[in-house]
Amino acid sequence: MTNTNWSDWHDAYARPDSGLADRLTAVRAQISRRLDATAPDPVRVVSACSGDGRDLLGVLDRRSDADRVTALLVEYDSELASRARAAAKTLSARVEVRQADAAQSDVYADAVPADLVLLCGIFGNISDADVRTTIDAAPQLCAPAAEVIWTRHRGDPDLTPSIREWFAGAGFEEVAFVAPDADDWSVGVHRLASDPRPLDPGRQWFTFFR
Ligand SMILES: C[S@@+](CC[C@H](N)C(=O)[O-])C[C@H]1O[C@@H](n2cnc3c(N)ncnc32)[C@H](O)[C@@H]1O
């Protein structure tokens, strides 16, 4: 499905110069903020291309109210999916890790609408057209006022101005855009400000080019 060893890619989280650890901290802060804001209500989370799930699972591990969270993590790589399952097992949240193609709309049919959607580590690995298609489809994953947390590098050409416009065009309002001067990662958060849309079955939203 993809030519990259994504398990090895995760090793960069341990390298301070990679920026990934800082990006992870920023993503976790946004997940925590969303969980705080929705407490004590139940929260449904969907994470596409979730890797080993360390963003969401790392937050849930530290929360006493993790039992109000139901999550679907969709990851194609079997080793990463296994690692996510092992981490999820220790939590009080209900977490399903599905080894499947996260680009297919059908994979989310029993898990949406979600209150929080994670699209992390995707937009730098797919074509600009696929980024736009995925953003346009995002309301199909969302409950009313759901938030989407996304990441994208700002290497030349910086696509993040377009990404932020595309979210606005798809009916979202910006909650946060974290983009440190010292590095080129960014973390965006958008809240659905329009009506959610029903899931359109049988769609493929993106293809990884790495
Ligand atoms: C850059 S990593 C990001 C992982 C995680 N979201 C994070 O931010 O740490 C991209 C992940 O997407 C997974 N992936 C790539 N194409 C996929 C697909 N079509 N369906 C599900 N997972 C996919 C890879 O195996 C890899 O774990």
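Calculation notes
- Residues numbered from 1 in each chain as written.
- Predicted model: local features only at pLDDT ≥ 70, side-chain atom pairs only at ≥ 80, totals over all residues.
- Heavy atoms only, no water.
- Phe/Tyr/Trp six-rings, centres within 6.5 Å; stacked < 30°, edge-to-face > 60°.
- Helix = DSSP H or I, 4+ residues; strand = E, 2+ residues; numbered from the N terminus.
- Buried < 20%, exposed > 50% of the residue type's maximum accessible area, 1.4 Å probe, protein only.
- Lys NZ or Arg CZ within 6 Å of the ring centre and 35° of its normal.
- Salt bridge = Lys/Arg side-chain N within 4 Å of Asp/Glu carboxyl O.
- Lys, Arg positive; Asp, Glu negative; His and termini not counted.
- Polar contact = N/O pair within 3.5 Å; in protein donor to acceptor, adjacent residues only side chain to side chain.
- Contact = heavy atoms within 4.5 Å.

As annotated in an unreviewed UniProt entry, the chain carries the name Methyltransferase domain-containing protein and is attributed to Nocardioides szechwanensis.

S.K.: Describe in detail the packing of aromatic side chains, supporting the description with residues and values.
M.R.: Tallying each qualifying case throughout the model produces nine aromatic pairs. With 6.1 Å between their ring centres and 35 degrees between their planes, phenylalanine 123 and tryptophan 150 make a pair best called tilted. Taken together, the residues span a long stretch of sequence, with phenylalanine 123 in the loop between strand 4 (114-119) and helix 5 (128-137) and tryptophan 150 in strand 5 (residues 142-151) at a distance of 27 residues. The same class applies to phenylalanine 123 as to tryptophan 150, namely buried. Geometrically, the ring pair formed by phenylalanine 167 and phenylalanine 172 is edge-to-face, given 5.2 Å between the ring centres and 90 degrees between the ring planes. An aromatic cluster of three or more residues is present, and its members are Trp6, Trp9, Tyr13, Phe206 and Phe208. The cationic tip of arginine 164 hangs over the ring face of phenylalanine 177; the distance from NZ or CZ to the ring centre is 3.9 Å.

S.K.: I'd love a proper account of the pattern of salt bridges, names of residues and values included.
M.R.: Evaluated as defined, the whole model comprises 14 salt bridges. Two residues, arginine 83 and glutamate 79, come together in a salt bridge whose shortest N-O distance is 3.4 Å. With arginine 83 and glutamate 79 both in helix 4 (residues 78-89), this residue pair falls four residues apart, about one helical turn. Assessed through its relative accessible area of 31%, arginine 83 is described here as partly exposed. For the salt bridge of glutamate 147 with arginine 191, the shortest nitrogen-to-oxygen distance reads 3.2 Å. With glutamate 147 in strand 5 and arginine 191 in strand 7 (residues 187-192), this residue pair connects regions lying 44 residues apart in the sequence. Assessed through its relative accessible area of 27%, arginine 191 is described here as partly exposed. The network of salt bridges with common partners includes Arg33, Arg34, Glu147, Glu173 and Arg191.

S.K.: Give a description of the side chain of aspartate 115 that names residues and reports values.
M.R.: Structurally, aspartate 115 is set in strand 4. For the buried aspartate 115, no salt bridge exists, and the shortest N-O distance to an oppositely charged side chain is 5.0 Å, to arginine 34. A polar contact of 2.7 Å, which involves the side chain of aspartate 115, links it to the backbone nitrogen of arginine 44. In this structure, aspartate 115 is in contact with Arg34, Pro42, Val43, Arg44, Ala143, Ala146 and Glu147, ignoring residues within four places of it in sequence.

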